[in-house]
Amino acid sequence: MEEVVPRVELTPRAAELVRKLRAEHGPLMFHQSGGCCDGSAPMCYPDGEFRTGGSDVLLAELTVDGVAEPVTFWMSRSQYQAWSHTRLIVDVVPGRGSGFSLEAPEGVRFLTRSRVVDA
């Protein structure tokens, strides 16, 4: 049986931060746009706060231990075309990200790393 490679995964540090943010803000979602600067980083919002539509692709419904519901991960369709051959690994690094993303006051930011997957 062929192993399914997840399109998106969280590092243990990212999962820990998601649990903390979920406890403070309720259900969560991620969106990664094709913008410049902070717009090219995964942004974490209360679920439904960022409006998605036809220009977005739902890449994953992440299961996080300690979080009751899946955390959705969306990407702009234009950026997905460039990243469709990769597995996205959401990590946490020190520093300040966008003021719109929920982790901004924590002194850390989410960061997407990637690995090429077989076509």
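Everything discussed here concerns the structure shown above.
Residues numbered from 1 in each chain as written. Predicted model: local features only at pLDDT ≥ 70, side-chain atom pairs only at ≥ 80, totals over all residues. Heavy atoms only, no water.

Turning next to the pattern of salt bridges. On inspection of all chains with the given rule, the structure shows 5 salt bridges. In this structure, the salt-bridge partner of E106 is K20, at a minimum N-O distance of 2.8 Å. Residue E106 is found in the loop between β6 (86-94) and β7 (108-116), and its partner K20 is found in helix α1 (residues 12-25); the two are separated by 86 residues along the sequence. K20 gets classed as partly exposed once you look at its relative accessible area, which sits at 37%. A single salt-bridge network, built from bridges that share partners, covers K20, E24 and E106. (Salt bridge = Lys/Arg side-chain N within 4 Å of Asp/Glu carboxyl O. Helix = DSSP H or I, 4+ residues; strand = E, 2+ residues; numbered from the N terminus. Buried < 20%, exposed > 50% of the residue type's maximum accessible area, 1.4 Å probe, protein only.)

A few words on the sheet that holds β7. Pairing is mixed across the open sheet formed by 3 strands, whose spatial order is β1-β6-β7. Whereas interior strands pair on both sides, the edge strands pair on one side only; in this sheet they are β1 (8-10) and β7. Pairs of neighbouring strands in the sheet enclose a mean axial angle of 30°, with direction left out of account. Sheet analysis places β1 next to β6, joined by 3 bridges and oriented parallel. Bridged to E9 within β6 is I89. Against the sheet, α1 engages β1, β6 and β7, with an angle of about 70° to β6. (Pairing = 2+ DSSP bridges. Axes fitted to C-alpha atoms, helices over the stretch in contact; angles between N-to-C directions. Contact = heavy atoms within 4.5 Å.)

With mixed pairing, 4 strands are arranged side by side in an open sheet as β3-β2-β5-β4. The sheet is open, and its two edges are formed by β3 (43-46) and β4 (56-62), each paired on a single side. Neighbour-to-neighbour, the strand axes of this sheet turn through a mean angle of 25°, independent of strand direction. Looking at chain direction, β4 and strand β5 (residues 71-76) are connected through 6 bridges and run antiparallel. If you follow D56 over to β5, its bridge partner there is S76. The strands touched by α1 within the sheet are β2 (28-32), β3 and β5, with β2 carrying the most contacts at an inclination of about 120°.

What follows concerns the packing of aromatic side chains. Counted under the stated rule, the structure contains 3 aromatic pairs. When the ring of F30 is compared with that of F110, the centres are 4.9 Å apart and the planes differ by 85°; the resulting orientation is edge-to-face. Taken together, the positions of F30 in strand β2 and F110 in strand β7 put the pair 80 residues apart, joining distant regions of the chain. Residue class for F30 comes out buried when judged on its relative accessible area of 0%. Three or more aromatic residues link up through ring pairs in this structure, and these residues are F30, F73 and F110. (Phe/Tyr/Trp six-rings, centres within 6.5 Å; stacked < 30°, edge-to-face > 60°.)

This part is about α1. Helix length check: α1, at 14 residues, gives a terminal C-alpha distance of 20 Å against a target of 20 Å (1.5 Å per residue), a fit within 8%. Of the residues making up α1, those classed as buried are A14, A15, L17, V18 and L21. The arc that holds the buried residues of α1, viewed along the axis, is 160°, so those residues lie on one side. The outward face of α1, more than 90 degrees from its buried face, is lined by the exposed residues P12, E16 and A23. Following α1 by one or two positions, G26 has its phi on the positive side, about 85°. (Expected span 1.5 Å × (residues − 1). Arc of directions from axis to C-beta.)

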